[in-house]
Amino acid sequence: MWFERLVKLQARLRAPNGCPWDVEQTHLTLRTYLIEEAYEVLEALESGDDIKFAEELGDLLLQVVFHAQIATEQGRFTAADVVRDIHQKMVRRHPHVFGEKRAKNATEVLKNWEQIKAEERRAKDGKGSSSLEESKNASASLLDGIPHTLPAVMQGFQLTRRASRIGFDWDNVDGVVEKLQEELGELRNAQSAQSSQQIEEELGDVLFAAVNLARFLKVDPEIALQRTNAKFSSRFREMERLARASGRALANVPRDEMESLWHQAKISENENRSGARVKKAASRP
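Residues numbered from 1 in each chain as written. Predicted model: local features only at pLDDT ≥ 70, side-chain atom pairs only at ≥ 80, totals over all residues. Heavy atoms only, no water.

## Thoughts on the overall build of the chain
Thought 1: Helices and strands together make up the secondary structure of the chain, namely 13 helices and zero strands.
Thought 2: N-terminal to C-terminal, the α/β element order of the chain is α-α-α-α-α-α-α-α-α-α-α-α-α.
Thought 3: Relative to its length of 285 residues, the chain is extended, with a C-alpha radius of gyration of 25 Å against a globular reference of 19 Å.
Thought 4: Overall size of the chain, expressed as C-alpha extent along the three principal axes, is 70 × 55 × 45 Å.
Thought 5: The buried share of the chain, taken over its 285 residues, is 23%.
Thought 6: In the chain, the proportion of contacts linking residues at least 24 apart, taken out of those at least 6 apart, comes to 50%.
Thought 7: About 20200 Å² of surface is accessible on the chain, with carbon and sulfur atoms providing 56% of the total.
Thought 8: Charged side chains of the chain number 42 positive and 45 negative; the gap between the two group centres comes to 5 Å. (Helix = DSSP H or I, 4+ residues; strand = E, 2+ residues; numbered from the N terminus. Rg over C-alpha atoms; globule rule 2.2 N^0.38 Å. Buried < 20%, exposed > 50% of the residue type's maximum accessible area, 1.4 Å probe, protein only. Contact = heavy atoms within 4.5 Å. Areas by Shrake-Rupley, 256 points an atom, 1.4 Å probe, with all protein chains shown as cover. Lys, Arg positive; Asp, Glu negative; His and termini not counted. Charge placed at Lys NZ, Arg CZ, Asp CG, Glu CD.)

## Description of the packing of helix α10 (residues 173–193) against helix α11 (residues 196–216)
Thought 1: Here α10 crosses α11 at 165°, and the two axes come no closer than 8 Å. As summarised for this structure, α10 and α11 are arranged roughly antiparallel, according to the angle between their axes. Regarding α10 and α11, the two cross each other, and that crossing is left-handed. Contact with α10, carried on its side by Val173, Val176, Val177, Leu180, Glu183, Leu184, Glu186, Leu187, Ala190, Gln191 and Ala193, involves Gln198, Ile199, Glu202, Leu203, Asp205, Val206, Ala209, Ala210, Asn212, Leu213 and Phe216 of α11 and no other residues of that element.
Thought 2: Taken together, the residues of the contact of α10 with α11 break down into 15 nonpolar, three polar and four charged. (Axes fitted to C-alpha atoms, helices over the stretch in contact; angles between N-to-C directions. Parallel < 35°, antiparallel > 145°, perpendicular 65-115°, else oblique. Left-handed = near helix turned anticlockwise from the far one by under 90°. Nonpolar A, V, L, I, M, F, W, Y, C, P; charged D, E, K, R; others polar.)

## Quick look at unusual backbone geometry
Thought 1: Although it is not a glycine, Gln194 adopts a positive phi angle of roughly 55°.
Thought 2: Considering the arrangement of structural elements, one finds Gln194 in the loop between α10 and α11.

## Overview of helix α4 (residues 50–73)
Thought 1: For α4, spanning 24 residues, the distance from its first C-alpha to its last is 35 Å, which sits close to the expected 34 Å at 1.5 Å a residue.
Thought 2: What α4 keeps buried is the set Glu56, Gln63, Val65, Phe66, His67, Ala68, Gln69, Ile70 and Ala71.
Thought 3: The N-capping residue of α4, defined by a side-chain oxygen 3.1 Å from the backbone nitrogen of Ile51, is Asp49.
Thought 4: Two residues or fewer after α4 comes Gly75, characterised by a positive phi angle close to 70°. (Expected span 1.5 Å × (residues − 1). Polar contact = N/O pair within 3.5 Å; in protein donor to acceptor, adjacent residues only side chain to side chain.)

## Focus on the pattern of salt bridges
Thought 1: Counted by the stated rule, this structure contains 14 salt bridges.
Thought 2: Across the pair Asp85 and Arg84 runs a salt bridge, and its minimum N-O distance is 3.0 Å.
Thought 3: Residue class for Arg84 comes out partly exposed when judged on its relative accessible area of 39%.
Thought 4: Two residues, Lys179 and Glu183, come together in a salt bridge whose shortest N-O distance is 3.2 Å. Separated by four residues within a single helix, Lys179 and Glu183 lie in helix α10, roughly one turn from each other. (Salt bridge = Lys/Arg side-chain N within 4 Å of Asp/Glu carboxyl O.)

## Things to note about the packing of aromatic side chains
Thought 1: Scanning the entire structure with this criterion turns up four aromatic pairs.
Thought 2: Ring centres of Trp21 and Phe66 lie 6.3 Å apart, and the angle between their planes is 70°; on these two criteria the pair is classed as edge-to-face. With a gap of 45 residues between them, Trp21 in helix α2 (residues 20–24) and Phe66 in helix α4 connect regions that are remote in the sequence.
Thought 3: Since its relative accessible area comes to 3%, Phe66 is described here as buried.
Thought 4: Here the aromatic rings of Phe232 and Phe236 are separated by 5.8 Å at their centres, their planes lie at 20°, and the arrangement is stacked. With Phe232 and Phe236 both in helix α12 (residues 221–245), this residue pair falls four residues apart, about one helical turn. (Phe/Tyr/Trp six-rings, centres within 6.5 Å; stacked < 30°, edge-to-face > 60°.)

## A short note on the environment of Leu250
Thought 1: Tracing the backbone through its elements, the reader meets Leu250 in the loop between α12 and α13 (255–282).
Thought 2: The sequence separation of Leu250 and Asp205 amounts to 45 residues, and the corresponding C-alpha distance is 35 Å.
Thought 3: The residues contacting Leu250, other than those within four sequence positions of it, are Phe236, Met239, Glu240, Ala243, Met258 and Leu261.

## Some remarks on the environment of Leu184
Thought 1: Relative to the helices and strands, Leu184 is located in helix α10.
Thought 2: Since its relative accessible area comes to 38%, Leu184 is described here as partly exposed.
Thought 3: Here the alpha-carbon distance between Leu184 and Phe77, two residues 107 residues apart in the chain, equals 49 Å.

By themselves, these figures tell us nothing about what the structure is for.
In structure tokens form, the structure reads like this:
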């Protein structure tokens, strides 16, 4: 009911006598908002604030409805088509739940998922295909469908995850760590050779190996890096505050003293975190 009301509301905003801003928007102009809202959902999730989390999920849902409304106006598809397609897809890709097929564990589920996706692509491409198209379909890759527009870290994560689902993976974490160390050694060699092109290539290999390690450890590298970025930002701002408290700008603080301020910022962060945990525990019934 509320979803239908939201769809109607967005249609009203896009109507001739609706909101001038909404009327002007296109799929292309909304791209930035779609990405921003997705990241704001992640930030709200991390905060532990359920009210904020629900609010941000609503903002992200609005972007889906907005794009569907534009497509509806162009006679391409509707919000109902979007919901129907994802519903049918989820049923189709969970034969171990809605069918007779069984899956022993999550790994087998993911392997079946990729096989079903590949079958779906072949079925879709096979409709009315010419011999040339059939030739192209025969060379389809498991990596097909990973957007080239993804941030590099997310793309690397998706690539290694797809490959791992058919068994192309390390036997244990030690092998991934050794590979990362190997790539770091090659980066040092490139640095000694002072070849900017080689340094860039080897640094890319180091980052890819680090992404693969994160995936092997069941950590999303994009989210892990976001949290580290936030941690660095918080500590650096505290360093600036401490410097101002001493009557100086951080840029005028000697390098060795900056290290001391960084250490103080870490201590302050840990104290605040411990205090938050105690407060949360005390609020429980």
